Amino acid sequence: MLYIAALAYLFDVQGGLGLGQGQSLLRPFRPERKCVMSKVEVVDFFTRIEDFTIQLPALPRPTVEELQTRWSWIREIKSNLSPTQPVTMELGTLLHTDEEKISGNEYHSRRGSTPYLGFQQGVWLVDHQDDPELAAFRALRGKVYIDLIGLEILDWGGGRDFPDLDVVGGRWSLNWRSTENDDLSRVGRVARPCKQLFSL
């Protein structure tokens, strides 16, 4: 200890190693800081309900200009996480088993960053609803509505909307629902790719 103290004095007070007055080679011990990776848990609220799936082809996402040719009230695309590759569609809900419905804001918060089907898949389903292999899909007409929350747009008033499939005149038709104001009820379905096709 005396030897270490002498060295400290030599290099400190007498300016050894270029240290200035009042500096010291001795530093208080600080334990090594370790990087701790926090684990982020991804909660998936989706529960599959319908017992059939539908194969959908690769489909490009729409541009805002394409949407505006039919719906001039659309100002811009806020987000679009819908897939463009071929997918297998499944239908389910984001409700818990003891819930009859949830508000639009709660509905939005439960979506997370999981990809859901969007506008282009809705157009394909409307156009192909009479295909023989889509009999189970046709059988849902008038019983449920199907939300396509992979796409969200902004209207000119600042409201947010997403496409959905509802029945008009006995046939599936593509419409829009409000993110903030339209809830998800027990008769609602959410369309997404089968889980094995994406990573959370």
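Procedures and definitions
- Residues numbered from 1 in each chain as written.
- Predicted model: local features only at pLDDT ≥ 70, side-chain atom pairs only at ≥ 80, totals over all residues.
- Heavy atoms only, no water.
- Helix = DSSP H or I, 4+ residues; strand = E, 2+ residues; numbered from the N terminus.
- Buried < 20%, exposed > 50% of the residue type's maximum accessible area, 1.4 Å probe, protein only.
- Contact = heavy atoms within 4.5 Å.
- Areas by Shrake-Rupley, 256 points an atom, 1.4 Å probe, with all protein chains shown as cover.
- Phe/Tyr/Trp six-rings, centres within 6.5 Å; stacked < 30°, edge-to-face > 60°.
- Core = buried A, V, L, I, M, F, W, Y, C linked by side-chain atoms within 4.5 Å.
- Pairing = 2+ DSSP bridges.
- Salt bridge = Lys/Arg side-chain N within 4 Å of Asp/Glu carboxyl O.

## Thoughts on the overall build of the protein chain
Per the secondary structure count, the protein chain includes five helices and eleven strands. Evaluated residue by residue, the protein chain yields a buried proportion of 42% over its 200 residues. A separation threshold of at least 6 residues defines the contact pool for the protein chain, and within that pool the share at least 24 residues apart is 70%. With an accessible surface of roughly 12,000 Å², the protein chain has 54% of that area assigned to carbon and sulfur atoms.

## Describing the packing of aromatic side chains
Summed over all chains, the structure comprises six aromatic pairs. Measuring from centroid to centroid gives 5.8 Å for W73 and W176, while their planes differ by 85°, and the two rings are edge-to-face. Pair noted here: W73 is in the loop between α2 (64-68) and β3 (74-80) and W176 is in strand β9 (residues 171-178), with a separation of 103 residues, a long-range link. W73 gets classed as partly exposed once you look at its relative accessible area, which sits at 32%. W176 gets classed as buried once you look at its relative accessible area, which sits at 16%. Considering the side-chain rings of Y107 and F162, the 6.1 Å spacing of their centres and the 85° angle between planes classify their relative orientation as edge-to-face.

## Remarks on the nonpolar core
With 29 residues, the main nonpolar core has I54, F137, I146, L165 and W176 as its most contacted residues. For this core, the secondary structure elements donating two or more residues are β2 (54-56), α2, β4 (87-93), α4 (119-127), β7 (151-155) and β9. Looking at which element gives the most residues to this core, the answer is α4, with four residues. Sequence-distant contacts of W176, defined by excluding residues within four places in its chain, comprise L67, W71, W73, I74, F119, L151, I153, D161, F162, P163 and D164.

## Some details on the pairing of β7
Counting buried residues along β7, five of its five residues qualify, which places the element largely inside the surrounding structure. Burial of β7 is two-sided: the residues L151, I153 and D155 facing one way and the residues E152 and L154 facing the other way are all buried. Across five bridges, β3 lies against β7 in antiparallel orientation. Bridge pairing links N80 to L151 in β7. The sheet contact formed by β7 and strand β8 (residues 160-168) spans two bridges and is antiparallel. Within the sheet, the bridge partner assigned to I153 lies in β8 and is D161. If you look at the hairpin formed by β7 and β8, you'll find four residues sitting between the two strands, and G158 has a positive phi there, around 95°.

## Things to note about the side chain of S173
Mapped onto the fold, S173 is located in strand β9. Here S173 is in contact with V126, D164, L165, D166 and V168, once residues within four sequence places are set aside.

## Observations regarding the pairing of β4
A regular strand places its side chains on the two faces of the sheet in alternate fashion. Here β4 lies mainly inside the structure; seven of its seven residues are buried. Judged by which residues are buried, β4 turns out to be covered on both faces: V87, M89, L91 and T93 on one side and T88, E90 and G92 on the other are all buried. Here strand β1 (residues 47-48) pairs with β4 via two bridges, running antiparallel. Of the residues in β4, the one forming a bridge with T47 is T93. Both β2 and β4 contribute to a ladder of three bridges, which runs antiparallel. Across the sheet, residue Q55 finds its bridge partner in β4, namely T88. Direction of pairing for β4 relative to strand β11 (residues 188-193): antiparallel, over a ladder of four bridges.

## Thoughts on the pattern of salt bridges
Applying the stated criterion to the full structure yields twelve salt bridges. Residues E90 and R48 are paired through a salt bridge, measuring 3.8 Å at the closest nitrogen-oxygen approach. Of this pair, E90 sits in strand β4 while R48 sits in strand β1, and the two are 42 residues apart along the sequence. Here R189 ties to E50 by a salt bridge, and the two come within 2.8 Å at their closest N and O atoms. Taken together, the residues R189 in strand β11 and E50 in the loop between β1 and β2 connect sequence positions 139 residues apart. Grouping residues by exposure puts R189 and E50 together as buried. One continuous salt-bridge network, built from bridges that share partners, spans D44, R48, E90 and R192.

What is shown is where atoms sit, not what they do.
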